[in-house]
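Here is how the chains run, residue by residue.
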Amino acid sequence: MSLFTRKRLFRALIVLVALWLLYLLFIGVSRWWAGRAPVQQVEASAELIAKGRYLADAADCAACHTAPDGAPFAGGVPLASPFGTLYGTNITSDPDHGIGRYTAEEFFEAMTEGKSRVGYRLYPAMPYVSYRAITREDSDAIYAYLMTRPAVKQANTDHDLRFPANFRLGLYGWDLLFGGDPIAPVSEGASPEWQRGRYLVDVLGHCGECHTPRGFLGHMDQDRPLVGNPELGLFAAPDITPQGLAARGWDRKALARYLATGVAGHAVASDEMLLVVNLSTSRLDETDVDAMTTYLLGDTPPDAVPMASGMPVAASGDVRQTYMNLCSGCHGRNARGVPNVAVALHGNSSVRDPDPHNLLVAILDGLPEHDFPGAARMQDMPGFGDELDDEQVADLATWLRQRHGGQEVPVDAASVRALRGRAGH
């Protein structure tokens, strides 16, 4: 490397360090100044507070801001990402750790622009890319509801992010690149129900944050809205486009029941989706649930595809015996399931999915006990990752998909091996 090149690199490094120090100074001064801002006092009618509570449920605020066994909206929820772990923040009316000094205008800017009143940018784990289309009226109602809840003096947990994601200044560039990406509609329609459903799904419910695949910088791929995201976590977020839903046997009636209760004839909500049902969609009125299904399937929904029957099953007697030994006690000899015990596997949405990801994870890692809204529940399922090798898991998944899901393509051991590491077996 020439002396000239080394000098240029050294100067660039000096500039970067100077910018970083200036940014830290800016943040420090902003935080000091923000701490001197007056505590906001909000008076709101019972009707506005009730509306704000409903909208906060529709926006699924509790999922990220209420920790298990924690105070409502006091933060501390770990949010895993490819860049490290973020933690949901305190959004109670506490003035020091929460939003107690936010004005309604500043709250709206945080919701729709990812802009903190202190001056720094919010990480897009706060789904402002989706929320940017929220109406000011709805934002003000949520603000009134949160500001009239009890203040919780709980400090926020520092994010645990790897470089360069921990370099918050880079979020200004991220927002320029991706913060304004339009969210294309996933279905065709124009009815008032379709329009309301689009607002509930794409904006308040921010469904695309999980169900839309992401690029290498963590941005939603808006060219493929809601086609599914296999990198969400241990479980994949499935395809919920009209075509993807219809291919797995979903129609409006079944989808509405699933959103309202977490239980449908051929599926139960699990993992992150169970949280969504329990904390959000089950709390919506029937009209809004129907609007969501109208949007997800379109004003003219495709017909639910019947499951292929008469499919040749390329499986040995050993695989059938594996099912009888490990699965039939709960799911039944005919895989029809038992209410409040085990979900039906015959025609199951995950078994019918062209991507065997979630079926394999369930076999490897099992499922915890599920409590659904109301009295419905499902007992826990043990994982068999320590009992079955990769070939055995692949053979069992193939047999289930061919016999009970109409999926001809076999599962290979390599797919199991890739997921086994993620499942911890």
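Nothing here was measured: the structure is a model prediction, and the numbers come from that model.

A.B. asks: Describe the packing of helix α14 (residues 317–326) against helix α18 (residues 390–404), with residues and values.
C.D. replies: α18 packs onto α14 with a crossing angle of 85° between their chain directions and a minimal axis gap of 10 Å. On the basis of the axis angle, α14 is roughly perpendicular to α18. Contact with α14, carried on its side by V319, R320, T322 and Y323, involves D395, L396, W399 and L400 of α18 and no other residues of that element.

A.B. asks: Tell me about the pattern of salt bridges, and please be specific about residues and values.
C.D. replies: Summed over all chains, the structure comprises 19 salt bridges. For the salt bridge of D175 with R121, the shortest nitrogen-to-oxygen distance reads 2.9 Å. Of this pair, D175 sits in helix α7 (residues 171–178) while R121 sits in the loop between α4 (104–113) and α5 (128–131); the two residues are 54 residues apart in sequence, bridging distant segments of the chain. Judged by relative accessible area, which is 14%, R121 ranks as buried. Between R136 and D140 there is a salt bridge whose closest N-O contact spans 2.8 Å. Residue R136 and its partner D140 are both found in helix α6 (residues 136–147); the two are separated by four residues, about one turn of the helix. Look at D140 and you get partly exposed, because its relative accessible area is 25%.

A.B. asks: Give a detailed account of the nonpolar core, specifying residues and quantitative values.
C.D. replies: Formed by 91 residues in total, the largest nonpolar core has its most connected members in I134, I142, L146, L204, W250, Y323 and L400. For L400, the residues in contact, after removing those within four places along its chain, are Y323, L345, V351, L359, I363 and G405. Grouped together as the second largest cluster of nonpolar side chains are five residues, Y123, L161, A165 and L171 included.

Scoring rules and cut-offs
- Residues numbered from 1 in each chain as written.
- Predicted model: local features only at pLDDT ≥ 70, side-chain atom pairs only at ≥ 80, totals over all residues.
- Heavy atoms only, no water.
- Axes fitted to C-alpha atoms, helices over the stretch in contact; angles between N-to-C directions.
- Helix = DSSP H or I, 4+ residues; strand = E, 2+ residues; numbered from the N terminus.
- Parallel < 35°, antiparallel > 145°, perpendicular 65-115°, else oblique.
- Contact = heavy atoms within 4.5 Å.
- Salt bridge = Lys/Arg side-chain N within 4 Å of Asp/Glu carboxyl O.
- Buried < 20%, exposed > 50% of the residue type's maximum accessible area, 1.4 Å probe, protein only.
- Core = buried A, V, L, I, M, F, W, Y, C linked by side-chain atoms within 4.5 Å.

None of this, on its own, says anything about what the molecule does.
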